[in-house]
Structures are given as structure tokens and as C-alpha cells.
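So the chains spell out like this:
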Amino acid sequence: MSHNMKSIISKLGMTNFMLAGRVLKLLPLLFFITTFSYAQEDDDLGTEVVNIVKPYTPTISDAFKVKETPVLNDSVSTTKKKVDYSIFSVPVASTFTPAKGKAATVEKAKPIKLYDSYATLGFGNYTTILGELYSNFEISRTDNAGIFFKHNSSQGDIKDVLLDNKFYDTQLEGNYYSRNRDMSFGLNAGIEHQVFNWYGLNDLARTFTSEELEAIDPKQTYFSVNIGGNIELDESFFTGAQADLRFLTDGFSSSEINFTASPEFLFEISEMNFKLKGELDYLTGKFDRNYFNTEGIDYGFLNAGLTPSLVYVNDDLTLSLGASIVMGVNTQESELDLFIYPDILASYRLVDELLIAYGGAEGGLNQNTYYNFKNENPFVSPTLSITPTSELYRAFAGLKGKLSNSVGYNMRASFGNENDRALYQINTYKGRVPDLEGYEYGNSFGVIYDDVTTFNAFGELKVEISNTFSLGATVNFFSYGLEDQQEAWNLPELTASVFSNFKITEKIYGGASLFYVGERKDFFTVAQNGIPSTTFDEVVTLDGYVDANLHLGYRVNERLSIFLKGSNLLSDNYEKWLNTPVQGIQGLAGATYKFDW
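Just so you know, the residues in each chain are numbered from 1, in the order the chain's sequence is written. Where totals are concerned, whole chains, interfaces and linings use all residues; where local detail is concerned, this predicted model gives features only for residues with pLDDT of at least 70, and gives and counts side-chain atom pairs only at 80 or more. Just so you know, side-chain values use all the structure's heavy atoms and leave hydrogens and water out.

1. Structural notes on the pairing of strand β3 (residues 143–154)
Reasoning step 1: Only strands that DSSP links by at least two bridges are regarded as paired with each other. A run of DSSP states H or I qualifies as a helix once it reaches four residues; a run of E qualifies as a strand once it reaches two. Both are numbered from the N-terminal end. Note: strand β2 (residues 128–138) against β3, 10 bridges, orientation antiparallel. Counted as the bridge partner of glycine 131 is histidine 151 from β3.
Reasoning step 2: Where β3 and strand β4 (residues 167–179) come together, 12 bridges link them in antiparallel fashion. Paired with asparagine 144 across the bridge in β4 is tyrosine 177.

Now the structure itself:
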């Protein structure tokens, strides 16, 4: 068989093979048609020729890969050159020996030893004696008791003063305090004994003979006793209360009893709190006589009030809106009055701690007492007229904040209106009348009342450069308007102070202060019935004064310190009150010892 014939046969075989493959693919279709035909043999549809044409559609499976690997037929072939890497090393002798590592340590400061008690004793010119003793006793983990004793006295010897001018001031206080999980309470009691002299004679009295001066007894003695307590609750709408009872008497049979109580309640309402504060102030007292005759003075007042307020606090705003409703009863005159005062406070952080704006309006019925009067002016006579002061309102607004971490400031302006504000005025000079009391020579002070409006501008600056030095300054400017009186007697228009504390070394510390009080005015009257008979009155101006003070201390050890204090270093015998000059330069040296029983 020739080669062509074999080729033809081969092609025919390939063709038949492909046709056989297509027939096999058509068998399922033919089987379906045949089945369908048998199923329809009851229905004579006739005969029909059907030609099925299916075009060829190639698939991925029909393709085959070329498995030949191309042969590189390059005219130039290179062989990779072997590279050897080596380090040029020269040995070096070394004497370094590493030390074993250890954790770094922080040097701890030695804890400060705290003592439960201290005693102070000091002596100075003018035969001055200062003594203090404080002691705290820990009864249990929750209970403590303490006592405090203080004595300050001087024999006087003020320059150009004709009468005895010594003074004594002795206090003894005790307290007991207990703090538990949900409640804490405290009790306190104390006694106080003071001796002062009405030594402020005017120039007219300098004509007195030595016998007349010796006949004047200017001594006044005060003795008071107080007892009080407070309670605080953590998980209750009743948050706490405070109560105090005080009794005062003097060397002229005067007496006074004052009882105060102030409970507080707090109710949480959504985002605000409802606060309710109560106030009870009962005062009764008597003086054996008044200044111009022997008729006695009896006084008694009962002030009872409620102050409801809504308090809202968030990150920047604090707001309290309330009012005080006070019932004032004059128990001697059987008179009753009802007062309503504002109680509004607000503060807002404008720039974090840098700038805080605040303001508000407050008022109240303030109880004046013989005890408070003699604390402010120990030269008052035991012939006072006592009545409460009604502060109708005091509106204020200000800015405060920190200029830096070490500099703080506060500026405030206020305007207030008061009915029956108490003003000190020197008593009338009675002259050479025999059998006068020691306070009837124009050397004591009385109290008069007037309706007063007051404008006040206040500024304060505090600087804490470090824990070794701090500096502060304050200034107050006042302007008064009065209903009846010519002047705001004995009230200055300007006060200022500068103070600092410093630590030179770990053992040496100290502080300094400077006080300025501007001019004041008083009204001096004369009703001399003796020989010669004289009557006149005049407005007297008291010069402003500066009082400079300095103290230094040295810590000998953790228990013992010695100190040196200087007061009125400018040696100015200024008059804080008319005709009552103060001591000149005052020096005091002493020591303080801390201990445990």
C-alpha cells in the first residue's frame, strides 16, 4: 500500500472517529425523543423530518499545552564567579570588666514626725508674757479629744499715758471629736478671762491732780463661758447642724446669754439640689445702767429664719438661687417683724482656672452682741444699746483665678444697704464730777446706729514662688452714705496689707507683714459740770497708721524651735481708737517645744 493511500485511510479513520463521537453525544437526545414518541403514540401527530444542527463550541478542555522547553542558543555563555567573604580582624587588648547590673533606687525623703502636743513660752518688753499649750489625745481610731490654753499679757507702760494700761487675755478650750462611717460629731467648751483698762484720757484731763488721777479706776474685766457642738451625716437628707451657747459677764454686773443653732437639709432633685438651711438666734442681756443716768438697760431678741435654695453645679457653672425669710422678735418690746433677703450666688469658669467670674446678692438679720462689740473694741462701756442690724442686700461681682501656677488674684466690687448699722463713737467727757465710774471720763466708747449704704472695691494678689517663699497683698476702698450721722464714725476709707512667709534654710524660717489703715473720724463731746463748766463738741480726725511686723524662727531640732517677733517696728504710737495710743516697738523672744505624752 502506497504512502498516499495510508494517509487517506488515516484521514477517513479520523473522520469516522469524530462522527462517532458526535453520534454518542446525540444519543441522550434521541433517547428523549423516542421516549416522548412512545408516550404520544395514542395521539397521531403525523410524520415530520427534524434536522438538528449544533455548531461546534470549543472549550478549555479541548486545548492542549505545548510541553517543549525552549533551548538557549546564545553565542556567549558565562559562568558565575565564586565570591569569598572574609573579615580583617586584629585582636585588641582590653582591661574593661563590666559590672553586674542593678536596679536604680530613689532616695526617699525622711517622713516628718508629727507630735500630738506643743508648748510655747515667750517674754518681751513692756513685761509681755505669751504662753500656749495644745494637746491632742487619740482615744480610738475614730475618737479624739484636745485641749488648748493661751495666755497673753502686758503691763502696759505706754508712753505719756496717765492711767494704768495693762491687759490680760487668758483662754482655755476643750474639744471632743468622733468620726464614724456615716456620721461625725464634735463637742467643744471654753472659758475666757480678760482684763482691760480705759486709759484713753483726753487732753482736758491732763489738768487733773495726782490725787484725782489715783481716784480713777479704769479697770474692766470680762468673763465668758461657752459650750457647743456639731453633727454631720453622710447618707441622709439631714446633712448636719451646729449649736452654741455663750454666757458673758463683766466687772459691772453686766450679763448676756446668746444661743444659736443652724440645721441644714439637702434633697437631690434630678440635676439640681434643693438646700434648706435653718437659723435660730436668741439673745438676752442687761446692763446695770446707761451712760447718762442710773436707769438699767435690758434687751432681748429672737431671730428665726429659713433659707431655701436651688443649687446647680457642673464642670464650669455653680449656681445657687434662694432667699432668706427671717422673723425678728424684740422680746422686750413685744415687737415682731418679717424680713425677706436675697441669697443668690453664681460662679462661672470663663477660662479654666485662669479666669472665673462670680457674683451674687446676699442679706440677713445680723445679731449684734455685747461679746462681739468688746472683741472688736475692748474699750466699749458697759452701757450699750443693743439691736440687730438688717442688711437689706449686698450685691457683688468679681473676677478671680490664677495667672500661673504660682500667681493668684481676686477682684471684687460690692454695694450694700444696711439698716441700723452699729458705729463706734467716743462717749461724752463729763469732767471733774466726783464719784464717776472709770469709763465716764470720755475714755470709753458707745454704739450708735444709722442706715448706711456702702460701696466697696477689693483686690487681692497672692504669689507662691516656691515652697520657700510666698507673698500676698490686699487692698480695700470704702465709700459710705449715711442717713442721719455726719460721718461713718471710726470707719476707714482705705485699708491695705502686705504679708509674706519665707524659709531661708531648712532650719531658719520667718515672715513679715505690713498693715495700713486710713484716716477715721470720731465725734468728741464735752459736758463738764464741774469747775469750770464747759460744753462743746467737735469732729476729730484720727491719722492713718502703718504697722510693720516681723518674725524669725530657728529649728534647733525636730522638737525644739526658738523664735523672735517684732511688732510696730516703725515705733509709731498711733491711735487705733481716739485717745488710746498703742505700745511702740514690741519685741518678743521665746521657744516652742513639741512632744507626745
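Further notes follow.
2. Notes on the pattern of salt bridges
Any two side chains of opposite charge can pair if their charged atoms end up close together.
Reasoning step 1: Salt bridge, as used here, is a side-chain nitrogen of Lys or Arg placed within 4 Å of a carboxyl oxygen of Asp or Glu. Under the counting rule described, the total for this entry stands at 11 salt bridges.
Reasoning step 2: The shortest N-O distance in the salt bridge between glutamate 212 and arginine 432 comes to 3.2 Å. Here arginine 432 lies in the loop between β15 (407–426) and β16 (445–466) and glutamate 212 lies in helix α2 (residues 210–214), a separation of 220 residues in the sequence.
Reasoning step 3: Given a relative accessible area of 30%, glutamate 212 falls into the partly exposed group.
Reasoning step 4: Burial classification: accessible surface area is computed with a 1.4 Å probe over protein chains only, and a residue below 20% of its type maximum counts as buried, one above 50% as exposed, and the rest as partly exposed. Overall, the relative accessible area of 28% leaves arginine 432 in the partly exposed class.

3. Digging into the environment of glycine 510
Reasoning step 1: Along the chain, glycine 510 falls in strand β19 (residues 508–517).
Reasoning step 2: Among the residues examined, glycine 510 registers a relative accessible area of 6% and is labelled buried.
Reasoning step 3: The sequence separation of glycine 510 and lysine 565 amounts to 55 residues, and the corresponding C-alpha distance is 9.4 Å.
Reasoning step 4: Each residue touching glycine 510, except ones within four places of it in the same chain, is listed here: Asn501, Phe502, His551 and Leu552. Between two residues, a contact is recorded if the distance between any of their heavy atoms is within 4.5 Å.

In short, the description is geometric, and any link to function would need to be established separately.
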